[in-house]
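Summary of structural features
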Amino acid sequence: MKQLILLPGALLLLFALSSCGSDSSESGPQFQRGGNFGNQQATSVEVVPVQTETISEQIRAFGTIRAQDVVSITPQVSNRVVRILADLGDNVSSGQVLAEIYDVPYRDAVEQAEAQIRQARVNLERDSTQFERQRELFERDLISRAEYDNVRSTYLSSRAQYESALAALTQSQENLENTKVKSPVNGVILSRSIAEGDIAGTGQSIYEIANLSGFETRVYLPMQDWENVQAGQQVSLSLSSRSSEIATGVVSRISPQLDPTTGLGEVVVTITNTSTSIYQGALVQSRINLITRQNAVVIPRSAMVEKVETYIAPETGTIELERTYSAFVNQGDSIAVQRDLVLGIQQGDRIEILDGLRPGEGLIVTGQGNLQDESRIRVAGANAQSAQRMDTDTSDESAENRPNLQNMTPEERQQFRERMQNLSPEERQRVRQEMRENGSRAERRQSDSSNR
């Protein structure tokens, strides 16, 4: 009985083991065929040629268009406005009448002053004749000194009254003339704040006129930008709602001090040329060109690969960030070569490359985030033929011969960037060649030392 029971159990166990072995033998090859760990798959990329362009380091700020000179018109006499002769937006010339003020009281004042002058003239003539007579008698000792002084005082008083009447007439005539409000400049009326029937006050501005001598905009910059701006630098202006340039200008004046409240410095930009109509009060973006370089190697910022490393500064013991940048170029249409970059000035999404790339090389602009040095690539689309034409002999730019920024300390990298910043393209090429030669000599010395 025991043997009959054990035999079926043993057969069942053998059947189960054989089934498991069969599954294992089939699944093993399938797993190996499905995963291709030994062969690296090519990454699809896009390639464009490295080009040289003009690039400028710019400061951007917003301001409003305004006339260089805005004149406020304030009446010199106070009374009711009877006529409005110029309105908002009118072009006016110097001396043109803008408004008239009720002038009857001022005309009466002129007539009264003229009457006072006539009376003062008669009194002066009478007292002058009397004074001449008394002076002759005094010189002949026929009258006393007291009588002579009395007559002389009367004459001097009459002359003073006559001069006062003349001054009163001049003031009355000036007030009468000021009842006609006139423009002191050639320009356009920006605002009118009075109407017929209103009372014009001597402290009230009734017109604002923009002098047509030119336009300007004022921008306010933080200290680090304000310090770099100099008079004479070129400025391009565009409307805040558009990107196209509408005018050009030049930095004409710079405030010598910062605003104590905001900490900003004022910079005045005079508009020198316009490509379209500009309007006062329009909000514009000013781009002040600090540095402009011609024939610079320029690439889009999105083509770069940024690497951030942390280190402890030995002087302060604080954790600092060290950023390095690189880009990939194609070698044929199958290999990507990584290049360490030295950056220059930036303008928008474009950046100057001081070292690391040469004009004509094929720059990988998409897919570079997934690449490493000497990764396999596949140039996508129609760019494949261009990539083959742009295949450059990189033997002199191999990893062994290129300047390796990764092996430099942060201080050495900063010194290298500053050195390259002020060099011409030819001088930069000579420096790179010297670094390659120095690197090759150092490697030969190291190799000789190892062989010994």
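Quick caveat: nothing in here was measured; it's all calculated off a predicted structure.

The rules we used
Residues numbered from 1 in each chain as written. Predicted model: local features only at pLDDT ≥ 70, side-chain atom pairs only at ≥ 80, totals over all residues. Heavy atoms only, no water. Helix = DSSP H or I, 4+ residues; strand = E, 2+ residues; numbered from the N terminus. Buried < 20%, exposed > 50% of the residue type's maximum accessible area, 1.4 Å probe, protein only. Contact = heavy atoms within 4.5 Å. Areas by Shrake-Rupley, 256 points an atom, 1.4 Å probe, with all protein chains shown as cover. pLDDT = per-residue confidence, 0-100. Salt bridge = Lys/Arg side-chain N within 4 Å of Asp/Glu carboxyl O. Polar contact = N/O pair within 3.5 Å; in protein donor to acceptor, adjacent residues only side chain to side chain. Phe/Tyr/Trp six-rings, centres within 6.5 Å; stacked < 30°, edge-to-face > 60°. Pairing = 2+ DSSP bridges. Expected span 1.5 Å × (residues − 1). Core = buried A, V, L, I, M, F, W, Y, C linked by side-chain atoms within 4.5 Å.

Across its full length, the chain holds 7 helices and 22 strands. Here the chain holds 452 residues, and the buried ones make up 34% of them. Taking contacts inside the chain between residues at least 6 apart in sequence as the whole, the part at least 24 apart equals 73%. Total accessible area computed for the chain in this model is approximately 27300 Å², and 47% of it derives from carbon and sulfur atoms.

Let us look at the confidence of the model for the chain. Per-residue pLDDT for the chain averages 79, and the proportion of residues at 70 or more is 76%. The model gives residues 1–38 a pLDDT under 50, and that stretch makes 0 contacts with residues more than four places away or in other chains. Note on residues 382–401: pLDDT under 50 across the span, and 32 contacts to partners over four residues away in sequence or across chains.

Charged atoms that come close allow side chains of opposite charge to pair. This structure, assessed with the given rule, holds 17 salt bridges. We note a salt bridge from arginine 135 to glutamate 132, for which the minimum N-O separation is 2.5 Å. Note that arginine 135 and glutamate 132 are positioned in helix H2 (residues 104–139) at a spacing of 3 residues, about one turn of the helix. On the basis of relative accessible area, glutamate 132 is assigned to the partly exposed category, the value being 34%. Residues glutamate 309 and lysine 307 are paired through a salt bridge, measuring 3.2 Å at the closest nitrogen-oxygen approach. For lysine 307, a relative accessible area of 42% puts it in the partly exposed group. When salt bridges with common partners are traced through the structure, they connect Arg66, Glu216, Arg218, Arg253 and Glu266 into a single cluster.

If you trace the backbone, glutamate 196 turns up in the loop between strand E8 (187–192) and strand E9 (199–200). Sequence separation between glutamate 196 and isoleucine 84 is 112 residues; the distance between their C-alpha atoms is 6.3 Å. There is a polar contact of 3.4 Å between the side chain of glutamate 196 and the backbone nitrogen of isoleucine 84.

By the definition in use, this model includes 3 aromatic pairs. Between phenylalanine 138 and tyrosine 148, the ring centres sit 4.6 Å apart and the planes meet at 15°, which makes this aromatic pair stacked. Of this pair, phenylalanine 138 sits in helix H2 while tyrosine 148 sits in helix H3 (residues 145–177), placing them 10 residues apart in sequence. In this structure tyrosine 148 comes out as buried when scored by relative accessible area, which is 11%.

A few words on the pairing of strand E19 (residues 342–347). The buried fraction of E19 amounts to 5 of the 6 residues, a majority that puts the element mostly inside the structure. Note: E19 against strand E20 (residues 350–355), 4 bridges, orientation antiparallel. Paired with leucine 343 across the two strands is isoleucine 353, which belongs to E20. Two successive antiparallel strands, E19 and E20, enclose a turn made up of 2 residues, where glycine 348 displays a positive phi of approximately 65°.

Within the secondary structure, serine 191 sits in strand E8. Here serine 191 falls in the partly exposed class, since its relative accessible area comes to 28%. Apart from residues no more than four positions distant in its own chain, serine 191 is found in contact with Leu88, Ile206, Tyr207 and Glu208.

This next bit is on H3. Here H3 spans 48 Å end to end across 33 residues, near enough to the 48 Å set by a 1.5 Å rise per residue. For H3, every residue scored as buried is listed here: Tyr148, Val151, Tyr155, Ser158, Tyr162, Ala165, Leu169, Ser172 and Leu176. Contacts made by the buried residues of H3 are with H2 and strand E7 (180–182).

Turning our attention to the side chain of glutamate 216. Here glutamate 216 shows up in strand E11 (residues 215–221). On the accessibility criterion, glutamate 216 (1% relative accessible area) is buried. One polar contact links glutamate 216 to arginine 218, side chain to side chain, over a distance of 3.1 Å. Here the side chain of glutamate 216 touches arginine 253 through a polar contact of 3.2 Å, side chain to side chain. With residues near it in sequence (within four places) discarded, glutamate 216 still touches Thr64, Ile65, Arg66, Ala67, Gln68, Arg253, Val268, Val269, Thr270 and Ile271.

What follows is about the nonpolar core. Ile73, Val92, Leu98, Val181, Ile189, Tyr207 and Ile209 are the most contacted members of the largest nonpolar core, which has 31 residues in total. Among the elements of the structure, strand E6 (97–101), H2, H3 and strand E10 (207–211) are those that each provide at least two residues to this core. Excluding anything up to four places from it in sequence, isoleucine 189 contacts Ala86, Asp87, Leu88, Gly89, Asp90, Val92, Tyr207, Glu208 and Ile209. If you look at the next biggest cluster of nonpolar residues, it comprises 20 residues, including Ile65, Trp226, Val229 and Ile271.

Mapped onto the elements, serine 205 comes out in the loop between E9 and E10. C-alpha separation for the pair serine 205 and serine 193, spaced 12 residues apart in sequence, amounts to 7.4 Å. In this structure, serine 205 is in contact with Ser72, Ile73, Thr74 and Ser193, ignoring residues within four places of it in sequence. A distance of 3.4 Å separates a polar side-chain atom of serine 205 from the backbone oxygen of tyrosine 207.

The next point concerns unusual backbone geometry. You will see that aspartate 141, though not glycine, has its phi angle at about 60°, which is positive. Overall, the relative accessible area of 68% leaves aspartate 141 in the exposed class. In this structure, asparagine 295 takes a positive phi of about 55° despite not being glycine. Here asparagine 295 falls in the exposed class, since its relative accessible area comes to 58%.

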